[in-house]
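# Results of the structural survey
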Amino acid sequence: MIRMTLRRRMLAASVVGALAFLPLAQPAGAGHATTLEKQLRKKINAYRSSKDKPTLKMKDVLVTKARAQAEQMAADDQFDPIGDHSSERELTAYANAANCDTAPFLAEIIAAEASLDRIIEGWKASRPHNKTMLKKAWERIGTGVFDDGDGTLWAVVLFCSTK
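### With respect to the sheet that holds strand 2 (residues 107-113)
- The four strands lie next to each other as 1-3-4-2, forming an open sheet whose pairing is mixed. One side of each edge strand has no neighbouring strand; the edge strands of this open sheet are strand 1 (57-58) and strand 2.
- Here strand 3 (residues 140-147) pairs with strand 4 (residues 153-160) via eight bridges, running antiparallel. Across the sheet, residue aspartate 147 finds its bridge partner in strand 4, namely leucine 153.
- Along the sheet face, helix 2 (residues 35-50) touches strand 1, strand 3 and strand 4 and points at about 130 degrees away from the line of strand 3.
- Across the sheet, helix 5 (residues 116-125) lies against strand 2, strand 3 and strand 4, angled at about 130 degrees from strand 2, the strand it touches most.

If you want it as structure tokens, here you go:
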């Protein structure tokens, strides 16, 4: 188990490190959303639609960043917002690669729960998370979901508006 955690940490660190310098160069398939990530985006868009907000388009570079963050949180077994350890340069590189506006260019919501439904319901019940999910200006989304194998889904969602 320790080996897997270390491997996950190394993978997350290498993905984040590589993308900080070459934001458009990604390993094959790295940015393509998994089934869980697509389901999370679909649930968020369904909720936004029910509140007369526009649907959000998935952006691969944001998926890569969100997934790496979800994996890192699971490895550390704690919540760790991207802004706590990412440099302004790194975040700006992601915003530029995703064709996002640079001020404010990203918003993030994070959670760890047993199901995507519980994650969404938790965000709806939290005023700041709900406000973030429903912000009309958002146009792009990146969802990262990591299943830790112990019954917990670690989720990170990045939102941005375009330039």
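### What about helix 6 (residues 127-134)?
- When we look at burial in helix 6, the residues that qualify are Asn130, Thr132, Met133 and Leu134.
- The secondary structure elements touched by the buried residues of helix 6 are helix 2, strand 2, helix 5 and strand 4.

### Details of the packing of helix 2 against helix 6
- Closest axis-to-axis distance for the helix 2/helix 6 pair is 9 Å, and the angle between their directions is 85 degrees. Between helix 2 and helix 6, the interaxial angle falls into the category roughly perpendicular. Across the interface between the two elements, Ile44, Tyr47 and Arg48 from helix 2 touch Asn130, Met133 and Leu134 from helix 6.

What counts, and where the lines are drawn
Residues numbered from 1 in each chain as written. Predicted model: local features only at pLDDT ≥ 70, side-chain atom pairs only at ≥ 80, totals over all residues. Heavy atoms only, no water. Pairing = 2+ DSSP bridges. Helix = DSSP H or I, 4+ residues; strand = E, 2+ residues; numbered from the N terminus. Contact = heavy atoms within 4.5 Å. Axes fitted to C-alpha atoms, helices over the stretch in contact; angles between N-to-C directions. Buried < 20%, exposed > 50% of the residue type's maximum accessible area, 1.4 Å probe, protein only. Parallel < 35°, antiparallel > 145°, perpendicular 65-115°, else oblique.

Structural measurements only, silent on function.
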